[in-house]
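Structure assessment
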Amino acid sequence: MTRTTTLFLIAGIALSATACTEAKRARNAATFSDQSADITCWTYGTETFSGRSTGKVEHNDGGRIAFVDAANGRYTTVDGECRVVYGPEGGEAAAPAAATAPGGPGGPVAPPPAVPEA
């Protein structure tokens, strides 16, 4: 191979490697906003976490979420089935409490009860 061909090959590989990273960053920026979110997680029908993030909630392919907990300012990761709801914290745009109660009209559906082991 000539030196020019080798340089073009190396440049192409470098550009394609950064393109994947940039595409993922752009997707995450468009999908997950920087506003705070209410987070509720369940494992086998039992609520394992309920809280609020200070900003962006990151998701990975394995089902784990990561965020900064507003209650204590710590970086937190949670595994399980999680519901992440972005929106204002008790502001004018917040829905009334009766409408957002689990099982209430317009509210989230409560998780199914845990199945007892045999």
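Structure shown above.
What comes next concerns the included structure. (Residues numbered from 1 in each chain as written. Predicted model: local features only at pLDDT ≥ 70, side-chain atom pairs only at ≥ 80, totals over all residues. Heavy atoms only, no water.)

Some points on the overall build of the protein
What the protein contains, in helices and strands, is two helices and six strands. Starting at the N terminus, the α and β elements of the protein follow one another as α-β-β-β-β-β-β-α. The burial tally for the protein puts 17% of its 118 residues in the buried class. Across the protein, contacts joining residues at least 24 apart in sequence account for 35% of those joining residues at least 6 apart. Surface summary for the protein: the accessible area is close to 8700 Å², and the carbon and sulfur share equals 59%. (Helix = DSSP H or I, 4+ residues; strand = E, 2+ residues; numbered from the N terminus. Buried < 20%, exposed > 50% of the residue type's maximum accessible area, 1.4 Å probe, protein only. Contact = heavy atoms within 4.5 Å. Areas by Shrake-Rupley, 256 points an atom, 1.4 Å probe, with all protein chains shown as cover.)

Quick look at the state of the cysteines
All chains considered together, the criterion is met by one disulfide. Disulfide pairing places C41 opposite C82 at an S-S distance of 2.0 Å. Taking the sign of the torsion about the S-S bond as the criterion, the disulfide between C41 and C82, at about 110°, is right-handed. Linking C41 in strand β1 (residues 37-43) with C82 in strand β6 (residues 81-86), this pair joins segments that are 41 residues apart in sequence. (Disulfide = S-S within 2.5 Å.)

Some details on the pattern of salt bridges
Counted under the stated rule, the structure contains two salt bridges. Between D38 and R52 there is a salt bridge whose closest N-O contact spans 2.5 Å. Of this pair, D38 sits in strand β1 while R52 sits in strand β2 (residues 46-52); the two residues are 14 residues apart in sequence, bridging distant segments of the chain. Here R52 falls in the buried class, since its relative accessible area comes to 9%. Among the ionic pairs, R64 bridges to D79, the shortest N-O distance being 3.0 Å. Of this pair, R64 sits in strand β4 (residues 64-68) while D79 is found in strand β5 (residues 75-79), placing the two residues 15 residues apart along the sequence. (Salt bridge = Lys/Arg side-chain N within 4 Å of Asp/Glu carboxyl O.)

A closer look at the packing of aromatic side chains
In this structure the tally under the stated criterion is one aromatic pair. A centroid spacing of 5.5 Å and a plane angle of 55° characterise the contact between F49 and F67, whose relative ring orientation is tilted. Here F67 lies in strand β4 and F49 lies in strand β2, a separation of 18 residues in the sequence. For F49, a relative accessible area of 16% puts it in the buried group. (Phe/Tyr/Trp six-rings, centres within 6.5 Å; stacked < 30°, edge-to-face > 60°.)

Regarding the pairing of β4
It is a general feature of regular strands that their side chains alternate between the two faces of the sheet. Bridge count between strand β3 (residues 58-59) and β4: two bridges; the pairing is antiparallel. Counted as the bridge partner of E58 is A66 from β4. Taking the residues that link successive antiparallel strands as the turn, the β3-β4 hairpin has four residues, and the phi of G63 there is positive, at about 95°. In this antiparallel pair of consecutive strands, β4 and β5, the connection spans six residues, and G73 shows a positive phi of 75°. (Pairing = 2+ DSSP bridges.)

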